[in-house]
Amino acid sequence: MSLDRLSLNQITTRSWSLAEAVRGCAEAGVPAIGLWRDKVAEAGGGARAAKLVREAGLTVSSLCRGGFLTAADPAGRRAALEDNLRAIEEAATLGTDTLVLVVGGLPEGSRDLPGARARVAELIAELAPHAGAAGVRLAIEPLHPMFCADRAVVSTLGQALDLAEPHPAGQVGVVVDAYHVWWDPALPEQIARAGRGGRIAAYQVCDWTLPLPADALLGRGHVGDGHIDLRALTTLVAAAGHTGWIEVEIFNETIWAAPGHETLATVLARHHLLFPPASPHDR
């Protein structure tokens, strides 16, 4: 199975520094890496991180993350706008056209879900032209509904597309993250919709494993270890026209505690499970 579209999201090997993750990918033949802003800062900033990735012959598939756009007070709104403008600049410096947005949950003490979603739309409208001018696309990531209160008031791919579609496709797209959207009965229709509009900015994969840990955010497993039909999902995303990176993004304390090279070896060994079997031996 070719690895030419595989990307390792840096959070999957959380214990690795940026330099270690870049070296691991280069040695394993993984052509791309998804970066996190905190790891970029630890490496000395965007220019140094970009040089490190470039000299290893890798591509930056995405930058995580911008967003958290739901503050109701003027100071919070201004801080969110400024932080996301910095994130756009960082993405451009790193040479990626994809800035992942986790839009944020309800402000503390608030129950005004429609108001929070309206503020997300307003700030995306402010940020989109800046992103476009920098050659960066804002990639809205819907999160599973269990994260609606604290992390993302956008819970479905359809909601993300509703936010994206008022803007040029080159400025605002969506993330199809298997962990967050696999449950949605409208998913085939919404992936096709995203494809028609050229809105799929990123495709991220992992598996849904049980039992969920106390922190459900950390309930992701390696491809093939859980309940998501990832072959079917990858087929839908491909049919929608996505030919870009397939980014493996895993949040899991046990996986994080494993040596990075072992985790990466498992990622490589499971990659074929995303695709229809070429022979009976792949089943």
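Whatever comes next refers back to the structure up there.
Quick notes on the rules
- Residues numbered from 1 in each chain as written.
- Predicted model: local features only at pLDDT ≥ 70, side-chain atom pairs only at ≥ 80, totals over all residues.
- Heavy atoms only, no water.
- Helix = DSSP H or I, 4+ residues; strand = E, 2+ residues; numbered from the N terminus.
- Contact = heavy atoms within 4.5 Å.
- Polar contact = N/O pair within 3.5 Å; in protein donor to acceptor, adjacent residues only side chain to side chain.
- 1 Å grid on protein atoms, 1.4 Å probe; cavity = no way out; pocket = protein on both sides within 12 Å on 5 of 7 lines; lining within 4 Å.
- Points joined across faces, edges and corners; volume = space filled by probe spheres on them.
- Nonpolar A, V, L, I, M, F, W, Y, C, P; charged D, E, K, R; others polar.
- Axes fitted to C-alpha atoms, helices over the stretch in contact; angles between N-to-C directions.
- Parallel < 35°, antiparallel > 145°, perpendicular 65-115°, else oblique.
- Left-handed = near helix turned anticlockwise from the far one by under 90°.
- Salt bridge = Lys/Arg side-chain N within 4 Å of Asp/Glu carboxyl O.
- Buried < 20%, exposed > 50% of the residue type's maximum accessible area, 1.4 Å probe, protein only.
- Core = buried A, V, L, I, M, F, W, Y, C linked by side-chain atoms within 4.5 Å.
- Phe/Tyr/Trp six-rings, centres within 6.5 Å; stacked < 30°, edge-to-face > 60°.
- Lys NZ or Arg CZ within 6 Å of the ring centre and 35° of its normal.

A. Representation of the environment of Asn 84. Examined against the element boundaries, Asn 84 turns out to sit in helix H4 (residues 74–94). For the pair Asn 84 and Leu 138, spaced 54 residues apart in the sequence, the C-alpha separation amounts to 9.8 Å. Leaving out residues up to four positions away in the same chain, Asn 84 has contacts with Gly 66, Gly 67, Leu 69, Leu 99, Leu 101 and Leu 127. Within the structure, the side chain of Asn 84 is placed 2.6 Å from the backbone nitrogen of Gly 67, a separation counted as a polar contact. A polar contact of 2.8 Å, which involves the side chain of Asn 84, links it to the backbone oxygen of Ala 80.

B. Structural context of empty space enclosed by the protein. Considering all chains together, one arrives at two cavities of 30 Å³ or more under this definition. Each pocket or cavity is described by its volume, and for the largest cavity that value is around 130 Å³. Lining the largest cavity we find 14 residues, and of these Trp 36, Arg 65, Val 102, Glu 141 and Phe 251 sit closest to its centre. Of all the elements in the fold, those that place two or more residues in the lining of the largest cavity are strand E3 (59–67) and strand E4 (98–102). When the residues that make up the lining of the largest cavity are grouped by side-chain class, the tally is seven nonpolar, one polar and six charged. Approximately 30 Å³ is the volume found for the second largest cavity. In terms of lining, the second largest cavity is formed by His 222, Val 223, Val 248, Ile 250, Thr 266, Val 267 and Arg 270. With three residues, helix H11 (residues 260–270) is the largest single contributor of residues to the lining of the second largest cavity. Among the residues forming the lining of the second largest cavity, the class breakdown is four nonpolar, two polar and one charged.

C. Quick look at the packing of helix H1 (residues 18–28) against helix H3 (residues 46–55). Where H1 contacts H3, the axes come no closer than 10 Å and their chain directions differ by 20 degrees. Regarding the angle of H1 to H3, the classification is roughly parallel. Viewed along their axes, H1 and H3 form a crossing whose handedness is right-handed. Every residue of H3 that contacts H1 at Leu 18, Ala 19 and Val 22 is listed here: Ala 49, Leu 52 and Val 53.

D. Structural detail: the pattern of salt bridges. On inspection of all chains with the given rule, the structure shows eleven salt bridges. With its nearest N and O atoms 2.5 Å apart, the salt bridge here joins Glu 126 to Arg 77. With a gap of 49 residues between them, Glu 126 in helix H5 (residues 113–134) and Arg 77 in helix H4 connect regions that are remote in the sequence. Glu 126 gets classed as partly exposed once you look at its relative accessible area, which sits at 34%. Residue Glu 165 is joined to Arg 193 by a salt bridge in which the shortest nitrogen-to-oxygen separation is 2.7 Å. Taken together, the residues span a long stretch of sequence, with Glu 165 in the loop between helix H6 (157–164) and strand E6 (172–177) and Arg 193 in helix H8 (residues 187–196) at a distance of 28 residues. Under the relative-accessibility criterion, Glu 165 is labelled partly exposed at 36%. One network of salt bridges, with partners in common, ties together Arg 37, Asp 83, Arg 86 and Glu 90.

E. Molecular detail of the layout of surface pockets. Roughly 210 Å³ of volume is contained in the largest pocket. Lining the largest pocket are 17 residues, with Ser 61, Asp 97, Thr 98, Ala 201 and Trp 245 sitting closest to its centre. At the level of elements, E3 and strand E7 (200–205) are the ones that each hand at least two residues to the lining of the largest pocket. A class-by-class count of the residues in the lining of the largest pocket yields six nonpolar, eight polar and three charged.

F. Quick look at the nonpolar core. Core analysis: the biggest nonpolar cluster contains 88 residues, and Leu 35, Leu 138, Ile 140 and Ile 191 have the highest contact counts within it. The element contributing the most residues to this core is H5, with seven residues. The contact partners of Leu 138, leaving out residues within four places of it in the chain, are Ile 88, Leu 99, Leu 101, Ile 124, Leu 127, Ala 128, Ala 131, Gln 171, Val 172 and Gly 173.

G. Structural view of the packing of aromatic side chains. Applying the stated rule across the entire model yields four aromatic pairs. With a centroid separation of 5.7 Å and an interplanar angle of 55 degrees, the aromatic rings of Trp 182 and Trp 208 are classed as tilted. Remark: Trp 208 occurs in strand E8 (residues 207–208) and Trp 182 occurs in the loop between helix H7 (178–181) and H8; sequence separation between them is 26 residues. Exposure remark for Trp 208: the relative accessible area of 9% places this residue in the buried category. Ring centres 6.0 Å apart and planes at 55 degrees place the aromatic pair Phe 251 and Trp 256 in the tilted group. Ring pairs connect the aromatic residues Trp 36, Phe 251 and Trp 256, which therefore count as one cluster. When the ring centre of Trp 256 is taken as reference, the NZ or CZ atom of Arg 14 above it lies at 4.4 Å.

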